[in-house]
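Listed here are the chains, written in short residue letters.
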Amino acid sequence: MMQRALLRRFTPTLRRSFSTVEETAKAGMTLNFSLPHETIYSGANVNQVIVPGAAGEYGVTADHVPLVAQLKPGVLQILHEGTSDAEKYFVAGGFSITHANSTTDISCPEAVKVDDIDSAAVTSAFEQAKAAFSAAEAGSLAAAEAQIDMEVNKSMAAAVGVSLA
Amino acid sequence: MSTPTTFWRIAGMSYTQYVTRAATAVRNGLKEPAKTKALQHETFSYNAASWEAGKIGPKKQVNKLTNAGISV
C-alpha cells in the first residue's frame, strides 16, 4: 500500500503524459496521376482530390477508406496545400484507386486542362452526336458511339459552364 | 460476364473501346494548340512484313490491319 502511494506520487507525469512521438511532417495525401503518354503527378503531396466517380463524385483526403472507382467523363479537381483554387482536369474515364496508406492512384486514357476546352466545338459535336443518335437504330453500335459522344460533350460543356440537353 | 448492364456492353463494345472513344471525343473538343498536340496521341500505324524461309521481307507501313491482308 505504502509503496503504491509513493509510486503514484513520484511518477505522475510518466503515467499521465501524452505520446511523445513526433507527428509525421506530411499532412495531406499522396497523389499519382498518370496518362498513357504522360505522368502528371508522381508522389505529389496534395490536400484533397475530388474524383468524378461513375457512381458519383467524391472527395479523397488523407486517411480515406480504401476505394476503387471507375471514373466517368468529368472534372477531376486537385487541391494543393495552401490554395483554395482547385487545379481542374477534364478526364475521359479511367480508374481511381485509393490505398490504405493515403495514396491515390488515378489512371486515365486522356485528361485535359478545363481551360483548353472549346465550348463552341463541344456544342457542335454534341448536336452532331444527338442527330446521329436519333438516326441510328436503337441498341446498335452506331447508337452507342453517338451516345458516348453525347455524354462526353455534354459533360465537357458543363465543365465550362454551358448546359446542353 | 453476366448480363450486360451498360449501354456500350449491350451494343457489343468492350470497356477499352468505350473509353478510347470517350478519349477521342475529349481531344476533339479542345482549343487549337492543345488540340493538335492531343490528337497526336491517338494516331497509330503498323509496319507489315512477310517472312520467307526464315528471313523477314521488306517492311511496309499500313494504317489499317485489313490493308496488310490481316482479317480483323
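Reading the values: rules and limits
- Residues numbered from 1 in each chain as written.
- Chains lettered and ligands numbered in written order.
- Predicted model: local features only at pLDDT ≥ 70, side-chain atom pairs only at ≥ 80, totals over all residues.
- Heavy atoms only, no water.
- Helix = DSSP H or I, 4+ residues; strand = E, 2+ residues; numbered from the N terminus.
- Buried < 20%, exposed > 50% of the residue type's maximum accessible area, 1.4 Å probe, protein only.
- Contact = heavy atoms within 4.5 Å.
- Polar contact = N/O pair within 3.5 Å; in protein donor to acceptor, adjacent residues only side chain to side chain.
- Core = buried A, V, L, I, M, F, W, Y, C linked by side-chain atoms within 4.5 Å.
- Buried area = accessible area lost by both parts, 1.4 Å probe.
- Salt bridge = Lys/Arg side-chain N within 4 Å of Asp/Glu carboxyl O.
- Nonpolar A, V, L, I, M, F, W, Y, C, P; charged D, E, K, R; others polar.

Caption draft 1: Molecular detail of the environment of A:Phe133. Residue and element names in this part refer to chain A. Within the fold, Phe133 resides in helix α3 (residues 119-135). By relative accessible area, which is 34% here, Phe133 ends up partly exposed. Between the C-alpha atoms of Phe133 and Lys113, which are 20 residues apart in sequence, the distance is 28 Å. Residue contacts for Phe133: discarding those within four places in its chain leaves Ala143, Ala146, Gln147 and Met150.

Caption draft 2: The side chain of A:Asp149, seen in detail. You can see A:Asp149 is positioned in helix α4 (residues 141-159). Side-chain polar atoms of A:Asp149 contact the side chain of B:Arg21, separated by 2.7 Å.

Caption draft 3: Geometry of the nonpolar core. Counting 29 residues, the largest nonpolar core has A:Phe90, A:Ile148, A:Val152, A:Met156, B:Tyr18 and B:Val26 as the members making the most contacts within it. Where this core is concerned, the elements lending two or more residues are α3 and α4 of chain A together with α2 (15-28) and α3 (32-39) of chain B. Here the element with the most residues in this core is α2(B); it accounts for seven residues. What B:Val26 contacts, discounting residues up to four positions off in sequence, is A:Phe90, A:Ala92, A:Glu110, A:Val112, A:Val152 and A:Met156. Core analysis: the second largest hydrophobic core is formed by 21 residues, A:Leu31, A:Phe33, A:Val46 and A:Val51 among them.

Caption draft 4: Main features of the interface of chain B and chain A. At the junction of the two partners, chain B supplies 19 residues and chain A supplies 29 residues. Buried surface at the junction of chain B and chain A, summed over both partners, amounts to about 2100 Å²; 67% is from carbon and sulfur atoms. Considering only the side of chain B, the residues that lose the most area to chain A are B:Phe7, B:Arg21 and B:Val26, jointly responsible for 27% of the buried surface there. At the junction of chain B and chain A, the tally comes to three salt bridges. A salt bridge links B:Arg21 to A:Glu145; the shortest N-O distance between them is 3.4 Å. Those elements giving two or more residues to the side of chain B that touches chain A turn out to be α2 and α3 of chain B. With ten residues, the single largest contributor to the side of chain B that touches chain A is α2(B). Of the residues assigned to the side of chain B that touches chain A, the class counts are 13 nonpolar, three polar and three charged.

As far as function goes, none of this settles anything; it's purely spatial.
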